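What follows is the residue order along each chain.
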Amino acid sequence: MKEKKETEEMTNFIYYMIKEDLEKGLLENKCVHTRFPPEPNGYLHIGHAKAILLNYTLAQIFDGKFNLRFDDTNPIREEQEFVDSIMEDIRWLGADWGDRLFFSSDYFDVKYQFAIRLIEAGRAYVCDLSQEEIRNYRGTLTEPGKESPYRNRTVKENLDLFERMRNGEFADGSRVLRAKIDMASGNLNMRDPVIYRILHTRHHRTGDQWCIYPMYDFDHPFSDALEGITHSLCSIEYTDHRPLYDWIVDNALELFPEAVKFRSRQTEFARMNLTYTVMSKRKLRRLVEEKYVRGWDDPRMPTIAGLRSRGFTPAAIADFQERVGVSRADSTADLALLEHCIREELETTAPRLMVVLDPIRVVITNWPAGKKEEIMMENIPGNENAGTRQVPFSGEIYIEREDFMEDPPKKYFRLAPGKEVRLKGAYIICCEEVIKDTAGNVTELLCSYDPQTKSGGDTSGKKVKGVIHWVSIEHAAGVKVNLYDNLFTIENPETERDIDFISYINPESLEVYEDVPAEPAVAEANPGSRFQFLRKGYFYLDPLAAGNEKPVFNRIVALKDSWAKVKKKG
RNA sequence: UGGGGCGUGGCCAAGCGGCAAGGCACGGGAUUUUGGUUCCCGCAUGCGUAGGUUCGAAUCCUACCGCCCCAGCCA
């Protein structure tokens, strides 16, 4: 990943909290140690990127450590496929976990021992209530719960039952292990939470070794303690779980001190939403399953895989997260900010190319027949190191259909009958005649060029306001272009109540141009590299389509278009 | 009507009793062979509301209002 961030750049409350912990010596002789704990049951999205980058960056800033730990305590939901994709995504983002890749399931054995100690201390018991009974006994938001009739079993009986649970003597759902806390607590999480359940399900890592599995609230704090995590960051909905987190760690410290590397503390921060998209796993899955997108990695998806195939860069995503910041308030970041970040990066790094998306033929009537001229163009204006390239120019070219108007408004600087415009890097041309088909559609423009106006050596003294891009027809290479736009038409499709978010899908979120003329230099472009199509936007040469007949370019983001604003205002 | 969290400009977000940072967006102007970039300028008499404390309040106190989360043997 890029160099460590200047600490001055990080100004969020978690950064200051850690800094204070360090100053007060609260970490004793430990270094800052964070972790990212994904459950391997789905794809990561840009909201996860916030958590990954926060944890990783914090560890970097303070010279600490960062663990990747898969939270795989529920064998029913988890699969190896997701472990692989998650690791790929995190690696791509640049968060390096070194040799600290862990799985919650690695510690099932110690966790079992810890559960036994809890039982021995009289702080956990085996409960025979059915799932429904447990729910009823729990009470409601406004009424306290009732104690389970099994709450006061003897330690001996609990130990025996728990062992038999582990040995597979009981059916799924018939018994659970519960922490004995407080059935009257206003915090439902403290009403004797279930900490182990019976699940005769094969686990993706431990196989059939276990038929009882720990619950998150028991597992997570203890895993943190085992790994010596100093700062356990999580999203805001876990705030209610913090007392339970502390209960577990305190008990571990008291009953199983030799297993605890550090008494970690949980700190919550708000998750991020993004405008013009949805973030919930359920909704993303629906988009995939109902084929509104081609898959989890569709370039319109807010998944890490989607952003990657769209052409976004890890640096732009990190910059975006940095600018969004971290707080405890619900927030929806503006997609415009993410777009700004990628444009800012690509402005100085992406070589330019001329491609005409919607071509109209231009014949330069006074151009010597058959003559070809090589035009030298800068790859990245203002950056000499990026070099130059030759672009062939001839008497028949394509220009963008929208760069010509038969009856232009006042502020239109492009081509129009009798008007002049500069062809980028080449000459100034003047539109002499408009040719139409029988339906009245413009099919071709007859123009004249002024030999005095060659770029770099213009002796005409002419000043034209408009400069347009072009491609020589004879020398053009064909490319396929995918124009991506927002997947949804409204800013917050997720928060609209009573209306199915599917109805806000943007029918024009993908526009495909099968064969579009591009300057011949495209042939040398490397798959996976990014370009600016002059005046159009930033594009990513799809590496997945590398074998195709034509190169495939995905639009990452369009260039800002102030003309569109002028037009709208009239 | 139980518990918890949060309310600072359109979107984020600093601020922690001394008189509202910054970014994006937006508006205006300059430069420009990308209507891009860059560069200037503008953009909260106001910090959910109402009271109170104080010489002084976004910051402290009180009450109220609004939004979010919690009743999985999910994480």
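Above this text you will find the structure in question.
Here goes a summary of the coordinates provided.

Conventions we followed
Residues numbered from 1 in each chain as written. Chains lettered and ligands numbered in written order. Predicted model: local features only at pLDDT ≥ 70, side-chain atom pairs only at ≥ 80, totals over all residues. Heavy atoms only, no water. Helix = DSSP H or I, 4+ residues; strand = E, 2+ residues; numbered from the N terminus. Contact = heavy atoms within 4.5 Å. Salt bridge = Lys/Arg side-chain N within 4 Å of Asp/Glu carboxyl O. Buried < 20%, exposed > 50% of the residue type's maximum accessible area, 1.4 Å probe, protein only. Axes fitted to C-alpha atoms, helices over the stretch in contact; angles between N-to-C directions. Parallel < 35°, antiparallel > 145°, perpendicular 65-115°, else oblique. Nonpolar A, V, L, I, M, F, W, Y, C, P; charged D, E, K, R; others polar. Pairing = 2+ DSSP bridges.

## Let's talk about the environment of Met183
Part 1 of the argument: Here Met183 shows up in the loop between strand S5 (176–179) and strand S6 (194–198).
Part 2 of the argument: In sequence terms Met183 and Val363 are 180 residues apart; their C-alpha atoms lie 85 Å from each other.
Part 3 of the argument: Every residue in contact with Met183, bar those within four places of it in the chain, is listed here: Tyr137, Arg138, Pro144, Gly145, Lys146, Glu147, Arg151, Arg178, Arg191 and Asp192.

## Here we look at the pattern of salt bridges
Part 1 of the argument: The tally for this structure, following the rule as stated, stands at 48 salt bridges.
Part 2 of the argument: For Glu254, the salt bridge goes to Arg123, with nearest N and O atoms at 2.9 Å. Of this pair, Glu254 sits in helix H8 (residues 242–255) while Arg123 sits in the loop between helix H4 (108–120) and strand S4 (124–127), placing them 131 residues apart in sequence.
Part 3 of the argument: For Arg389, the salt bridge goes to Glu519, with nearest N and O atoms at 2.7 Å. Of this pair, Arg389 sits in strand S15 (residues 388–393) while Glu519 sits in the loop between strand S23 (510–518) and strand S24 (530–533), and the two are 130 residues apart along the sequence.
Part 4 of the argument: Of the residues examined, Arg389 reaches a relative accessible area of 10% and is grouped as buried.

## Quick word on the packing of helix H2 (residues 46–61) against helix H11 (residues 314–324)
Part 1 of the argument: Here H2 crosses H11 at 80°, and the two axes come no closer than 10 Å. If you check the angle between H2 and H11, you find them roughly perpendicular. Within the contact between the two elements, H2 uses Ile46, Ala49, Lys50 and Leu53 and H11 uses Ile317, Ala318, Phe320 and Gln321.
Part 2 of the argument: Of the residues in the contact of H2 with H11, the class split is six nonpolar, one polar and one charged.

## A word on the sheet that holds strand S26 (residues 552–558)
Part 1 of the argument: Strand order in the open sheet made by the six strands is S12-S24-S25-S26-S22-S23, with mixed pairing throughout. On the outer flanks of this sheet lie strand S12 (352–353) and S23, each paired with one strand and no other.
Part 2 of the argument: As defined by bridge partners, S12 adjoins S24 across two bridges and the pair is classed as parallel. Across the sheet, the residue bridging to Arg352 is Gln532, located in S24.
Part 3 of the argument: Sheet contacts for helix H12 (residues 335–349): S12, S24, strand S25 (537–541) and S26; angle to S26, the most-contacted strand, approximately 115°.

## Some points on the sheet that holds strand S1 (residues 33–36)
Part 1 of the argument: Spatially, S1-S2-S3 is the arrangement adopted by the three strands of the open sheet, whose pairing is parallel. Each having just a single partner strand, S1 and strand S3 (101–103) make up the two edges of the open sheet. Each strand of the sheet is rotated relative to its neighbour by a mean of 35°, with strand direction disregarded.
Part 2 of the argument: Pairing between strand S2 (residues 65–70) and S3: three bridges, direction parallel. Its bridge partner being in S3, Arg69 is matched across the sheet by Phe102.
Part 3 of the argument: Sitting on the sheet, helix H3 (residues 80–93) is in contact with S1, S2 and S3, with an inclination near 160° to S2.
Part 4 of the argument: Where helix H7 (residues 216–227) meets the sheet, its contacts fall on S1, S2 and S3, and the angle it forms with S2 comes to roughly 140°.

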